[in-house]
Amino acid sequence: MAEENWTEESPEDAEADARADAIFRQAGIPTPKQTDRSFLVAVVLPVIVAGVLLIIGLWMMAGPLGLYN
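Because the structure is a prediction, the values reported are computed rather than measured.

Asker: When you look at the overall build of the protein in this model, what are you seeing that I'm missing?
Answerer: Per the secondary structure count, the protein includes two helices and zero strands. Accessible surface, the protein: about 6,700 Å² in total, of which carbon and sulfur atoms supply 66%.

Right under this line is the structure:
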């Protein structure tokens, strides 16, 4: 799917973006940095790490609860 610049399609949207940009510049708010983190690093890796930690935690708690003997 190609990247679409939706502000080019509507002049009202482009005007609103320009006003917002002017307000941000006037207030001294910097433009957000573009991150180069991939979906794998941003979403998949933390989910896998959290899952492993949950499994380890449940395994460690199973002994004191008497779930395996």
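Asker: Even after reading the chapter, I still don't get the pattern of salt bridges, so can you show me in this structure?
Answerer: Opposite charge on two side chains allows them to pair when their charged atoms are near. The tally for this structure, following the rule as stated, stands at one salt bridge. Close ionic contact of Glu-15 with Arg-19 constitutes a salt bridge, the shortest N to O distance being 3.3 Å. Pair noted here: Glu-15 and Arg-19 are both in helix α1 (residues 11-27), with a separation of four residues, about one helical turn. Its relative accessible area of 49% is what places Glu-15 among the partly exposed residues.

Asker: Before we go on, may I ask you to explain α1 in this structure?
Answerer: Side chains three or four residues apart in an α-helix point the same way, a direct result of the helix having 3.6 residues per turn. Here α1 contains 17 residues, and its C-alpha end-to-end distance of 24 Å stays within 8% of the 24 Å for a straight helix at 1.5 Å per residue. Two residues or fewer after α1 comes Gly-28, characterised by a positive phi angle close to 80 degrees.

Asker: Whenever I open this one, helix α2 (residues 39-65) confuses me. Can you help?
Answerer: Over its 27 residues, α2 extends 38 Å from the first C-alpha to the last, a length consistent with the 39 Å expected when each residue adds 1.5 Å. By the largest-angle criterion, Leu-45 marks the main kink of α2, which is about 30 degrees, and a proline, Pro-46, follows within four residues. Where α2 terminates, the next one or two residues include Gly-66, which has phi positive at roughly 75 degrees.

Asker: Quick question: what am I supposed to make of a nonpolar patch on the surface here?
Answerer: A contiguous nonpolar surface patch, about 660 Å² in accessible area, is contributed by Leu-45, Ile-48, Val-49, Val-52, Leu-53, Ile-56 and Met-60. Examined against the element boundaries, Ile-48 turns out to sit in helix α2. Relative accessible area serves as the criterion here: at 49%, Ile-48 is assigned to the partly exposed category.

Parameters and conventions
- Residues numbered from 1 in each chain as written.
- Predicted model: local features only at pLDDT ≥ 70, side-chain atom pairs only at ≥ 80, totals over all residues.
- Heavy atoms only, no water.
- Helix = DSSP H or I, 4+ residues; strand = E, 2+ residues; numbered from the N terminus.
- Areas by Shrake-Rupley, 256 points an atom, 1.4 Å probe, with all protein chains shown as cover.
- Salt bridge = Lys/Arg side-chain N within 4 Å of Asp/Glu carboxyl O.
- Buried < 20%, exposed > 50% of the residue type's maximum accessible area, 1.4 Å probe, protein only.
- Expected span 1.5 Å × (residues − 1).
- Bend = angle between axes of the 7 residues up to and from the residue.
- Patch = residues over 30% accessible without salt bridge, like charges linked within 9 Å, V, L, I, M, F, W, Y side chains within 5 Å.

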